[in-house]
Amino acid sequence: VLTPGDGFGVCALDTEGGEVKIGAMICYDREFPESARILMLQGAELILTPNACTLDDARIGQFRARAFENMVGVAMANYAAPRNNGHSVAFDAVSFETTDGEAKDTLIVEAGESEGVFLAEFDMEKVRAYRKRETWGNAYRRPRLYALLTSAEIEEPFKRADATR
């Protein structure tokens, strides 16, 4: 019933505060760290994700990790109850306010189970400054060691008769 896309798009959005590079991935893409990484490598500063499944602590934590590991803001809109359980969320890219500071809670907003409009404000100047000074993201990656990530081989226990690639 669903057809996956063929790539991950990034576009420039002209905002009142200036241009912001926006990436998009769907809920299934959120399950794999490579999706957000590709968007970051293409310049995304903020990733928007429509979602259509129950959001539990593990999936919300996974989404928070996508923001942290890629130094991007992330926002996910989910169906409210009863179709799903709501809990749309947004996380900031900035995990540390200063280079010697303690980690901060990056949660900007988490909705409840009911329908509503929830606003998440991202300080893009802080995001950009953070990306220039911290080590995550792209500066210290070691792609020469990651060839296995692009291998089409599937080993046990992950072989599935219905797998599609």
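Residues numbered from 1 in each chain as written. Predicted model: local features only at pLDDT ≥ 70, side-chain atom pairs only at ≥ 80, totals over all residues. Heavy atoms only, no water.

> I'd love a proper account of the pattern of salt bridges, names of residues and values included.
Enumeration according to the criterion identifies 10 salt bridges in this entry. D105 is the partner of R64 in a salt bridge, and the nearest nitrogen-oxygen pair spans 3.0 Å. Pair noted here: R64 is in helix α3 (residues 57-70) and D105 is in the loop between β5 (89-91) and β6 (107-110), with a separation of 41 residues, a long-range link. Exposure remark for R64: the relative accessible area of 31% places this residue in the partly exposed category. With relative accessibility at 53%, the residue D105 sits in the exposed group. Taken together, the salt bridges that share partners define one network made up of D92, E97, K104 and K126. (Salt bridge = Lys/Arg side-chain N within 4 Å of Asp/Glu carboxyl O. Helix = DSSP H or I, 4+ residues; strand = E, 2+ residues; numbered from the N terminus. Buried < 20%, exposed > 50% of the residue type's maximum accessible area, 1.4 Å probe, protein only.)

> Would you mind going over the side chain of S88 in detail, with residue names and values included?
By secondary structure assignment, the location of S88 is in the loop between β4 (73-78) and β5. For S88, a relative accessible area of 17% translates into the label buried. Ignoring anything within four residues of it in the chain, the contact list for S88 reads M76, A77, N78, V109, E110 and A111. (Contact = heavy atoms within 4.5 Å.)

> Could you give an account of the environment of V20, naming the residues involved and the relevant values?
Checked against the element boundaries, V20 lands in strand β2 (residues 18-24). Taking the relative accessible area as the measure of exposure, V20 reaches 7% and is therefore buried. Separated by 104 residues in sequence, V20 and M124 have C-alpha atoms that sit 7.7 Å apart. Residues in contact with V20, not counting those within four places in the same chain, are C11, A12, L13, T15, E45, L46, M124 and R128.

> Please provide a residue-by-residue account of helix α2 (residues 33-41), values included.
S35, A36, L39 and M40 are the residues of α2 that are buried. With its buried residues spanning 135° around the axis, α2 presents them on a single face. Looking at the buried side of α2, the elements it contacts are β1 (10-15), β2, α1 (27-30), β3 (46-51), α3 and α4 (124-133). Looking at the residues trailing α2, positive phi occurs at G43, about 105°. (Arc of directions from axis to C-beta.)

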